[in-house]
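Residue-level listing of the chains:
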Amino acid sequence: MTTTELVLLALAAIGAGAINALAGGGSILTFPALIAAGIPPIAANVTNTVALFPGYIGGVIGQARDLRGQSRRLLMLGPVSIAGGLLGGLLILVSSERLFAALVPWLLLGGCALLGIQDRVRGWLQRHSGALGLGWAVAPVFLAAIYGGYFGAGLSVIFLAVLGLTLDDSLTRLNGLKQALALCANFSAAILFAFSGKVVWSAAAVMALGSLAGGALGGRLASVISPKALRAIVIAIGVGVAILFFVRR
């Protein structure tokens, strides 16, 4: 890859790290950037997962206090999320470039839709408490983790909705559990991808550093930038990129 392409990918990752810290949905920015750099769709998706994985670690560290007292949930749902992420990762690795390229615009639009309803999901969860029990969360968490291993944009919203529907707890604690489960799903997929031979490591390295820097920047900008406005920009970018994919077909 050229120096210019690596610099642009680093800038995209900085933006994604800040977006994830403020509103979520950074993958909608970095995945198209990798495609624009000439990386094939599957390799771009795999590289994106590996590159942004450190951000999930930061998210869990940042909400470690909200995970206290949730060890039983983590012991049950953590392995489920790891297994789902691994299966999703395997599915993307055995997919053909043609099939995945055809799915990309729909996946992008799905991620944008999830980001668009994020505030409504949070509002609904604040008004209603789930009361089904931990066992009811296993299957939906597994399915959400499969999606996370396969593509991942909007995964946090899916996890939060699933947990809110099945567990009775505060939104803050459920959000902390969501962070841990997203880390588990991405961990298994990232480990699998690291040995797949499809990761563009030069891009992954600069993007990992960029996402960490962006996360720190996002934390500083949290009191200045409206997450709702930022989310609208991300959605607009995602929809525009999806339209470009449809046109290119």
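Residues numbered from 1 in each chain as written. Predicted model: local features only at pLDDT ≥ 70, side-chain atom pairs only at ≥ 80, totals over all residues. Heavy atoms only, no water.

## What about the nonpolar core?
Phase 1: Formed by 65 residues in total, the largest nonpolar core has its most connected members in Phe 100, Val 141 and Phe 151.
Phase 2: Among the elements that make up this core, the one with the highest residue count is helix α9 (residues 171-194) (12 residues).
Phase 3: The contact partners of Phe 151, leaving out residues within four places of it in the chain, are Phe 31, Asn 45, Phe 100, Leu 107 and Leu 108. (Core = buried A, V, L, I, M, F, W, Y, C linked by side-chain atoms within 4.5 Å. Buried < 20%, exposed > 50% of the residue type's maximum accessible area, 1.4 Å probe, protein only. Helix = DSSP H or I, 4+ residues; strand = E, 2+ residues; numbered from the N terminus. Contact = heavy atoms within 4.5 Å.)

## With respect to α9
Phase 1: A rise of 1.5 Å per residue sets the reference length of α9, with its 24 residues, at 34 Å; its end C-alpha atoms lie 34 Å apart and thus fit the reference within 8%.
Phase 2: Among the 24 residues that make up α9, 19 are buried, leaving the element largely enclosed by the rest of the structure. (Expected span 1.5 Å × (residues − 1).)

## Focus: the confidence of the model for the protein chain
Phase 1: In this model, the protein chain carries an average pLDDT of 85, and 90% of its residues clear a pLDDT of 70 or more.
Phase 2: By mean pLDDT, helix α6 (residues 118-127) is the weakest element of the protein chain at 70, and helix α4 (residues 71-94) is the strongest at 95. (pLDDT = per-residue confidence, 0-100.)

## Here's the deal with the environment of Ile 61
Phase 1: Relative to the assigned elements, Ile 61 resides in helix α3 (residues 41-62).
Phase 2: Remark: the alpha-carbon pair of Ile 61 and Ala 180, spanning 119 residues in sequence, is separated by 9.3 Å.

## Regarding the pattern of salt bridges
Any two side chains of opposite charge can pair, given that their charged atoms come close.
Phase 1: In the structure shown here, the tally under the stated rule is 2 salt bridges.
Phase 2: For the salt bridge of Asp 169 with Arg 73, the shortest nitrogen-to-oxygen distance reads 2.8 Å. Of this pair, Asp 169 sits in the loop between α8 (155-166) and α9 while Arg 73 is found in helix α4, placing the two residues 96 residues apart along the sequence.
Phase 3: Its relative accessible area of 24% is what places Asp 169 among the partly exposed residues. (Salt bridge = Lys/Arg side-chain N within 4 Å of Asp/Glu carboxyl O.)

## Describing the packing of α3 against helix α5 (residues 97-116)
Phase 1: Here α3 crosses α5 at 70°, and the two axes come no closer than 8 Å. One way to sum up the angle between α3 and α5 is to call them roughly perpendicular. Between α3, through Pro 41, Ile 42, Ala 43 and Asn 45, and α5, the contact on the second element is made entirely by Glu 97, Phe 100 and Ala 101.
Phase 2: Of the residues in the contact of α3 with α5, the class split is 5 nonpolar, 1 polar and 1 charged. (Axes fitted to C-alpha atoms, helices over the stretch in contact; angles between N-to-C directions. Parallel < 35°, antiparallel > 145°, perpendicular 65-115°, else oblique. Nonpolar A, V, L, I, M, F, W, Y, C, P; charged D, E, K, R; others polar.)

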